[in-house]
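Each chain, letter by letter, is given below.
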Amino acid sequence: VTNEENLRENQVGPNDGNEGDCLPNGFEVKDIFDSSGGELSATHDSDVKICIANGAIPIGVSQEVFYRVVYDTTELLQDIPVGPDETLISPVIECGPHDIRLLKPSEIIIPHCLYMGKAKKEWITVYRTDPGPIKWEKIPNKSKRNDLSRAWFTAKEDSIHINTMTFCFWCVYFRRGAPKKKRATVFASKPNPGGDLIQFRFYIYSDNKDSLRRVETQDKKLFPDSWKGMEKPFKMYNNSKKITVKLVTDPEEGWELDKTAGEQVYICDDSHGGRFRCKDACVFAVEPMKGREVKPFTCNLTFQQEGHETAHTIYVNPGYPLVEGSIEPANARAHSNSAAGCSTSSAPEESDRSNIDEQPKTPQGLNKSQLVNFPRQRYRKSDGLAVTLSTLRRSKSASGCSKSPTSEEGDRGNLDEQSKTRQDSKPLSSLLEIRPLLEKICNRLDSSRPGVGDYRDVCSYYGIDSFQVTAVYEKHTDEPSKALLEHLAASHEQLTVAEFVSVLRKNARRSDIAKLLEEYDNQ
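Residues numbered from 1 in each chain as written. Predicted model: local features only at pLDDT ≥ 70, side-chain atom pairs only at ≥ 80, totals over all residues. Heavy atoms only, no water.

Enquirer: Break down the overall build of the protein for me, with residues and values.
Expert: Within the protein, the secondary structure is distributed over 13 helices and 25 strands. For the protein, the proportion of contacts with a sequence separation of at least 24, taken over those separated by at least 6, is 71%. Of the accessible surface of the protein, which amounts to about 24,700 Å², a share of 49% is contributed by carbon and sulfur atoms. (Helix = DSSP H or I, 4+ residues; strand = E, 2+ residues; numbered from the N terminus. Contact = heavy atoms within 4.5 Å. Areas by Shrake-Rupley, 256 points an atom, 1.4 Å probe, with all protein chains shown as cover.)

And the structure:
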């Protein structure tokens, strides 16, 4: 069977659809299977999988199978029989069709957010319920199953593996405290495109693609043109739900908070009822001070769990340009061109080229047709997007300026070099989904060795100055190269593995990493 993913957004209410009385908002993955079985998954948007065993579907039958990740669990989980010390550690999913009876047990894989080294497997409970009147029941683990068991589960490092011959709703809870794997990110938007006020929203969610997708969907439903910052993974301890979040503006840079506190408390409530995927966010708003010369807004947002010393940092750089009429920095006015026409020098100033690399643009959301075309099109993690040289040339042309051939050739130098690389190379962003290879690459690129470079040489090539390297990447002591790769995947959307390999060889002299990437690119 061809595992052609069909991923669509469901905007349905609890009583809509034909699959049961409770069909909350979420997204669906479906495919057709026959007696040979196969795997149902959406590699780049979900960590959930269904593995249909060979022979589970009768010979000669073509059977549609689906799963839905549930976003609004309020009604679905309101009567689940869990204790006050149990917490939801997985997405809530529905598998179907509900009336199917498989000939052999098949496997459902659901991600969880526990650090298993600190958790006892006997404290994990998996619940199931059929549609219609919701009645949750526990299923045994593999060691306690018997001939009457309709399903059983095995707990692994990052996921729960459920064996079943029927499909229904599923969720996973954990009893007592243990650290959990979480992530945080920031979204930004401009309430009024004609003004300079910027709103930021800080979220915490579990460390899996399904929780991230839920947060993205929630934010973009309210703010369709929002910008998403880089993600920060961290360990959430069980002894406190309070996270102190700080967004500090620098008066010397001319920006100030607008009617919001610079320090707020985020309540990460993962208690009874499944509220660990918080609906609320810490909201900050900033705007330029009146009469001040300002540059596009950037800052570091920090967050820290109550009772713990580790503070985490997210570099915030939405890249919104100042609107027409706003006061520009003096150096920007010095380099601006007159409306009457002008000529430019043979090469841009070094400060101008730095601004080209640092000026972001906002990523656009993917439409439904793009979601189907895996693996080339996907959501991309970002902490800022770069303005291209062609955009700069268009803006200067619109102001009536001409550019000498020498300058044009200088701007195109890197583009000409890139055109020599493979045209069929994979996008660099695809590397972010291959975790074992990504870790191997990052471990090498983070390490300095005699006679070769590291991630800082790559930063230099892409115009990331030493101040940003110190302020952002060096603070990622656990994975600065990963933060860099996430930035490049977002800011250089067309960047391929082959092009990145060329940079590694010529600028960082890292043929060891280049060989690993070439092997991956040739697969």
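Now that the structure is up, let's keep going.
Enquirer: A description of the nonpolar core should follow, citing residues and the corresponding values.
Expert: In terms of nonpolar packing, the biggest core is built from 40 residues, with I50, Y67, I108, I124, I162, F167 and W170 touching the most fellow members. Setting aside residues no more than four positions away along its own chain, Y67 makes contact with F27, E28, V29, L40, S41, A42, S46, V48, I50, E94 and C95. (Core = buried A, V, L, I, M, F, W, Y, C linked by side-chain atoms within 4.5 Å. Buried < 20%, exposed > 50% of the residue type's maximum accessible area, 1.4 Å probe, protein only.)

Enquirer: Which residues make up the sheet that holds strand 11 (residues 151–155), and what are the values?
Expert: Pairing within the open sheet is antiparallel, and its five strands lie in the order 3-4-8-12-11. The outermost strands of the open sheet, each flanked by one partner alone, are strand 3 (38–41) and strand 11. Strand-to-strand twist in this sheet, taken as the mean axis angle between neighbours without regard to direction, amounts to 20°. (Pairing = 2+ DSSP bridges. Axes fitted to C-alpha atoms, helices over the stretch in contact; angles between N-to-C directions.)

Enquirer: Give a description of the confidence of the model for the protein that names residues and reports values.
Expert: Across the protein, pLDDT averages 75, with 71% of residues at or above 70. Between residues 1–24, whose pLDDT stays under 50, and residues either more than four places distant or in other chains, the model counts 73 contacts. Considering only residues more than four positions removed or in separate chains, one finds that residues 328–420, a stretch of pLDDT under 50, has 146 contacts. (pLDDT = per-residue confidence, 0-100.)

Enquirer: Could you give an account of the packing of aromatic side chains, naming the residues involved and the relevant values?
Expert: Any two aromatic rings considered together are summarised by their centre-to-centre distance and by the angle between their planes. Tallied over the entire structure, the rule returns 10 aromatic pairs. Both rings, one in F200 and one in F297, keep their centres 5.6 Å apart while their planes meet at 45°; by these two values the pair is tilted. Within this pair, whereas F200 is found in strand 15 (residues 198–206), its partner F297 is found in the loop between strand 21 (282–288) and strand 22 (299–305), the two being separated by 97 residues in sequence. In this pair, the class of F200 matches that of F297, namely buried. Within the aromatic cluster, the residues linked to one another by ring pairs are F202, F234, Y266 and F303. Above the ring of W152, the side-chain terminus of R145 is found at 4.2 Å from the ring centroid. (Phe/Tyr/Trp six-rings, centres within 6.5 Å; stacked < 30°, edge-to-face > 60°. Lys NZ or Arg CZ within 6 Å of the ring centre and 35° of its normal.)

Enquirer: Give a detailed account of the pairing of strand 2 (residues 26–33), specifying residues and quantitative values.
Expert: Of all the eight residues making up strand 2, six are buried; the element is thus mostly covered by neighbouring parts of the structure. Note that strand 2 and strand 5 (residues 63–70) share eight bridges and pair antiparallel. Looking across to strand 5, one finds that G26 is bridged to V70.

Enquirer: Kindly report on the pattern of salt bridges, identifying the contributing residues and their values.
Expert: For the structure shown, the criterion picks out 17 salt bridges. The partner of D45 in a salt bridge is R213, and the shortest N-O contact between them spans 2.8 Å. Taken as a pair, D45 in the loop between strand 3 and strand 4 (49–52) and R213 in helix 1 (residues 209–222) lie far apart in primary sequence, 168 residues in all. The pair D45 / R213 is uniform in exposure class, with both members buried. D130 is paired through a salt bridge with R128; the nearest N and O atoms lie 2.9 Å apart. (Salt bridge = Lys/Arg side-chain N within 4 Å of Asp/Glu carboxyl O.)

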